[in-house]
Amino acid sequence: MLATPAAAQQSAAPSAARQSAAPAATQESAAPTAAQALGMRVSEAPAAEARDALEAADRALAEAADDSARRAAATRAGAAVEATLEAMRESLRGAARLIAALEVRAETARDAGQASVARLASLARAPLAAQAAQPAGPLAAARGAWLAAAMGPDRAGVAALRRQELSEAQERDRERRAAWSLARGAALDLRNAREDVLAPGGVGALRASLRETRRALDAFTAVPAPADPLGLPPPRPVLPGNWPPPAPGPIVTPFGARDPLGQAQTGIEIAVPGWAAPRTPALASVRYAGPLGGRGQAVVLETAPGRLLILGGLESLAVGEGEILPAGAPVGQLHVIDPAAPEILVAAPFPRAAFSAAMLYVEAREAGIPVDPARWFALPKGESETP
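Predicted, not measured: the structure shown is a model, and the values here were computed from it. (Residues numbered from 1 in each chain as written. Predicted model: local features only at pLDDT ≥ 70, side-chain atom pairs only at ≥ 80, totals over all residues. Heavy atoms only, no water.)

A count of helical and extended segments in the chain gives 10 helices and nine strands. Across the 387 residues of the chain, 38% fall into the buried class. Counting contacts in the chain only where the partners sit at least 6 residues apart, residues at least 24 apart contribute 69% of the total. When the accessible surface of the chain is totalled, it reaches about 19800 Å², and 59% of it is carbon and sulfur. (Helix = DSSP H or I, 4+ residues; strand = E, 2+ residues; numbered from the N terminus. Buried < 20%, exposed > 50% of the residue type's maximum accessible area, 1.4 Å probe, protein only. Contact = heavy atoms within 4.5 Å. Areas by Shrake-Rupley, 256 points an atom, 1.4 Å probe, with all protein chains shown as cover.)

Next up, the structure:
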């Protein structure tokens, strides 16, 4: 557990800790620290670039004099809106990581307070033992007062402060997600308007969508991103390299394997038990959730700008486009290949049973280029490849 200013003062002078608990809380929620200011600038930079891109795209549409220029301006507008959405997604993922850390901190402070109360209660139930350890007299009374101060009210105050910090961060996040929803709606309108850019009123519709996206971005940045009240740097994302696999099972089709037509596989296939629910390996945004040609239902996850994970072979989906999922969140239910698979799963060894149940398709992309998922995950080998 991270030491709080109030908790640090308790170990030196309990009475001083009680007097300074409220000022410490006020100082924590006042002006942002250097670490908080740095985090704010980092999160604001992509938003500022997106705002400039929106304004430049709007000018290009206003100045387009022929069909070729209008098409080019429409393409530029689409890129500007996508840059806006990407900046928002990355900021929201950062907020989600921070809120997860604040939840752990609040639970730790709550547990510490409850443990203190339990220790005080145990002392009350054993007065003779307490008296034997601390003989009666003025010194014993002073020690008892110090113990009660150190273990009781201040711990409760710290726990309440941690809950308040979490609540404030969650409220900011809700406001920013509302603006994010507006931006997504404007982006959908712009995609539809791009198809009619050469029609009468097409340019006007595109510019209206750009202005709506700009308003959503302004509303998004008007609410400060949640920052750590203790001034600690924002939590870093968990980088790929040793992520847990999205579902258990051996690889039956490796990356780069040739299909019957000679085409190289851009992903891998994992033989998975039918009861397994594929899960996110890290905190991620849902970029797409729906049918994927030849792969049934699929989910496209974005863990960082330019880093996409595709999970296919699903029968049903448990998430929707635009959601931000924590690590370990289920994304859907797999399509079961053999209806008798549950019985086979009981009777057969795991790899063969898993093969008869369901197949999960996993594809990893960096900057739009498929890469071997083995670079991201700690994946098992297929049965034929094990020693």
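Don't stop here, the text continues.
Let us look at the packing of aromatic side chains. For the structure shown, the criterion picks out two aromatic pairs. Seen in terms of ring centroids, Trp-243 and Trp-376 are 5.7 Å apart; in terms of plane orientation they differ by 75°. Their pairing is edge-to-face. With Trp-243 in the loop between α8 (202-222) and β1 (251-253) and Trp-376 in the segment after β9 (369-371), the pair connects residues that are 133 residues apart, well separated along the chain. Each of the two residues, Trp-243 as well as Trp-376, counts as buried. Here Trp-243 and Phe-377 contribute two aromatic rings whose centre-to-centre distance is 5.9 Å and whose plane-to-plane angle is 65°, an arrangement assigned as edge-to-face. Remark: Phe-377 occurs in the segment after β9 and Trp-243 occurs in the loop between α8 and β1; sequence separation between them is 134 residues. What makes Phe-377 buried here is its relative accessible area of 3%. The rings of Trp-243, Trp-376 and Phe-377 are connected pair by pair, giving a single aromatic cluster. Looking at Arg-176, its charged tip hangs above the ring of Phe-220, at a distance of 4.1 Å from the centre. If you follow Arg-295 out to its NZ or CZ, it ends over the ring of Tyr-361, 3.8 Å from the centre. (Phe/Tyr/Trp six-rings, centres within 6.5 Å; stacked < 30°, edge-to-face > 60°. Lys NZ or Arg CZ within 6 Å of the ring centre and 35° of its normal.)

Moving on to the environment of Glu-165. Looking at the element boundaries, Glu-165 is found in helix α7 (residues 153-194). Note on Glu-165: relative accessible area 6%, which makes it buried. As a C-alpha pair, Glu-165 and Leu-102 span 63 residues in sequence and 7.6 Å in three-dimensional space. A distance of 2.7 Å separates a polar atom in the side chain of Glu-165 from a polar atom in the side chain of Arg-162. (Polar contact = N/O pair within 3.5 Å; in protein donor to acceptor, adjacent residues only side chain to side chain.)

Take the nonpolar core next. Within the largest apolar cluster, 30 residues are counted, with the highest numbers of intra-cluster contacts made by Leu-61, Val-81, Leu-206 and Leu-210. For this core, the elements supplying multiple residues, two or more each, are α3 (34-63), α4 (67-125), α7 and α8. Residue contributions to this core peak at nine residues, all from α4. Beyond its immediate sequence surroundings of up to four residues, Leu-61 is in contact with Arg-70, Ala-73, Ala-74, Ala-77, Val-203, Leu-206, Arg-207 and Leu-210. (Core = buried A, V, L, I, M, F, W, Y, C linked by side-chain atoms within 4.5 Å.)

So, on to the side chain of Arg-89. Summarising the element assignment, Arg-89 is placed in helix α4. Arg-89 gets classed as buried once you look at its relative accessible area, which sits at 5%. Aside from chain neighbours lying at most four places away, what touches Arg-89 is Glu-82, Trp-180, Ser-285, Arg-287 and Glu-302.

For the rest of this paragraph, the subject is the pattern of salt bridges. Applying the stated criterion across every chain yields a total of 19 salt bridges. Here Glu-55 and Arg-214 are joined by a salt bridge, their closest N and O atoms 2.5 Å apart. Placement of the pair is Glu-55 in helix α3 and Arg-214 in helix α8, with a sequence separation of 159 residues. Three or more residues are tied together by salt bridges with common partners; here these are Glu-82, Arg-89, Glu-90, Arg-93, Arg-287 and Glu-302. (Salt bridge = Lys/Arg side-chain N within 4 Å of Asp/Glu carboxyl O.)

Let us now look at the environment of Ala-219. Tracing the chain through its elements places Ala-219 in helix α8. Expressed as a C-alpha distance, the spacing of Ala-219 and Ala-179, which sit 40 residues apart in the sequence, is 5.9 Å.

The residue Arg-51 is located in helix α3 in this model. Leaving out residues up to four positions away in the same chain, Arg-51 has contacts with Arg-214, Leu-217, Asp-218 and Thr-221.

Helix length check: α8 (21 residues) gives 30 Å between terminal C-alpha atoms against 30 Å at 1.5 Å per residue, within 8%. Residues of α8 that are buried include every one of Gly-202, Val-203, Leu-206, Ser-209, Leu-210, Thr-213, Ala-216, Leu-217 and Phe-220, and no others. On an axial view of α8, the arc spanned by its buried residues comes to 145°, and they lie on one face. (Expected span 1.5 Å × (residues − 1). Arc of directions from axis to C-beta.)

The subject of this paragraph is the pairing of strand β4 (residues 297-304). When you tally the buried positions in β4, you get seven out of eight residues, the bulk of the element. Relative to β4, strand β3 (residues 284-291) runs antiparallel, the two being bridged by six bridges. Paired with Ser-285 across the strands is Glu-302, a residue of β4. Here β3 folds back onto β4 in antiparallel fashion, the turn holding five residues, of which Gly-294 has a positive phi close to 80°. Direction of pairing for β4 relative to strand β5 (residues 307-317): antiparallel, over a ladder of seven bridges. (Pairing = 2+ DSSP bridges.)

With antiparallel pairing between neighbouring strands as the criterion, β4 and β5 make up a hairpin whose turn holds two residues, including Gly-306 at a positive phi of roughly 85°. Here three bridges tie β5 to strand β7 (residues 332-334), and the two strands are oriented antiparallel to one another. When the bridges of β7 are listed, Leu-314 appears paired with Leu-334.

So, on to the confidence of the model for the chain. On average, the chain scores 77 in pLDDT, and the residues at 70 or more come to 70%. Segment residues 1-42: pLDDT under 50, and 44 contacts once partners within four positions in sequence are set aside and those in other chains are kept. A low-confidence stretch, residues 382-387 (pLDDT under 50), is modelled with six contacts involving residues beyond four sequence positions or located in other chains. (pLDDT = per-residue confidence, 0-100.)

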